[in-house]
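The lines below spell out each chain.
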Amino acid sequence: MQVHFYKYQGTGNDFVIMDNRDGRYDGLTQQQVHHLCHRRFGIGADGLMLLNNQPGYDFGMKYYNADGNEGSMCGNGGRCLVAFARKMGLQQPQLRFLAVDGPHEATMQGEDWVNLKMQDVDWVEQGPLYYYLNTGSPHFVKYVDGIQSLDVYTEGRQIRYNDRFAKEGTNVNFVQQQDNGIFVRTYERGVEDETYSCGTGVTAAALTSAGNEATTYRVPVQTLGGHLEVRFTKTGERSFTDIWLCGPALLVFEGQLIINNE
Ligand SMILES: N[C@H](CCC[C@H](N)C(=O)O)C(=O)O
C-alpha cells in the first residue's frame, strides 16, 4: 500500500498523520501502525493519527499509540491534527471534531499555535504525594524535586508496571513547581518511554497545580520539548471546566512510502 504521510510535532511530541477522509487507510493494521511509528524501520513518531470524516463535525480524530494500539485521547496529537486539518483546507475559525473521549473544539492563532478544548474533569484521586485523574487519558501525577536530573524512564516504568497499573497501563507525570508555572516530564504508556511532552499529561498536571480557590487559572507549562499553557476554571475541589490546552503544532515534513499489506 502506498502511504502519503505528514509528520507533525507539538512541543516535541511527534506524530505521523494521514488524510483518511476517503477511508483509504481504514484497513491499517496494528503492525503497520507500529512499523510507521518505528524510529529505525519506519518514519518515527510517538503516535499515528487519521483525519477522518465525521458527520455532524468538521472531522473525526483516530489516534494510535506508537505500539499500534488504539490509544485514548492525545492532547498534543489533537492540536497537531487541527493544524493538519487547516492545511487540508478546513478554514473555519473554529473547528469542531470528535475524538475517542468525545467532542472537542479548537482555534488557531497564526500558522502554528493551537488552542484545544479538553473534556471537563470531575474526578481526581488524591493520595500521599500523588494525584490520579483522567484528562482523556489516564494520568498519574507525582510532585518531585530535582526534575531536571530525574530518571523518568526508570521511575515512570516502576509506576506504570506496578500491581495497580500493569494491565491497563497509565501515563506517569513528574511535576515541579517553578517561579512561573510548572515543569512536567512524562513517561508515556504505549510509547513505553519518556516523550518530550504529553498534552493530556500537561493538562492533568496543570489542574493539580491549581490553588484551592474556585476561579479561573492560567498555568504556563515547560516540557523537554517546549512551552505550553493550560487555562481552566476550577469549579470545586475536584472539578474543572472550560479546560484549554494551548501550544505550538508544526509540520516537520511530508512524504510517500510503501508498506506491505501483510
Ligand atoms: N501524547 C499524548 C497522550 C497519548 C495517550 C497515550 N500515551 C495513552 O494514554 O495511552 C498527549 O499528548 O496527550
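What counts as what
Residues numbered from 1 in each chain as written. Predicted model: local features only at pLDDT ≥ 70, side-chain atom pairs only at ≥ 80, totals over all residues. Buried ≥ 20, exposed ≤ 12 C-beta atoms within 10 Å, placed from the backbone. Helix = DSSP H or I, 4+ residues; strand = E, 2+ residues; numbered from the N terminus. Arc of directions from axis to C-beta. Contact = placed C-beta atoms within 7 Å. Core = buried A, V, L, I, M, F, W, Y, C linked by C-beta atoms within 7 Å. Domains from an automatic or database assignment. Near = placed C-beta within 6 Å. Nonpolar A, V, L, I, M, F, W, Y, C, P; charged D, E, K, R; others polar.

Draft legend 1. Representation of helix 1 (residues 30–37) within the structure. Taken as a whole, helix 1 has its buried residues at Gln 32, Val 33, Leu 36 and Cys 37. In an axial view of helix 1, the angular spread of the buried residues amounts to 130°, which keeps them on one side of the axis. Contact partners of the buried residues in helix 1: strand 2 (13–19), strand 3 (47–52) and strand 4 (59–65).

Draft legend 2. The nonpolar core, seen in detail. Grouped together as the largest cluster of nonpolar side chains are 66 residues, with contacts concentrated most on Val 16, Ile 17, Leu 48, Leu 81, Val 82, Phe 84 and Val 202. Of all the elements, helix 2 (residues 75–87) adds the most residues to this core, at six residues. Taken together, domain 1 (2–116 + 249–258) and domain 2 (124–247) each give at least three residues to this core, which thus spans both.

Draft legend 3. Representation of the site of the ligand within the structure. Lining the immediate environment of the ligand, one finds 17 residues, of which Gly 75, Asn 76, Ser 137, Gly 199 and Thr 200 sit closest. For the shell around the ligand, the secondary structure elements donating two or more residues are helix 2 and helix 4 (199–208). Counting residues per element, the shell around the ligand draws most heavily on helix 2, at three residues. Here the shell around the ligand is composed, by residue class, of two nonpolar, twelve polar and three charged. When residues of the shell around the ligand are assigned to domains, at least three fall in each of domain 1 (2–116 + 249–258) and domain 2 (124–247).

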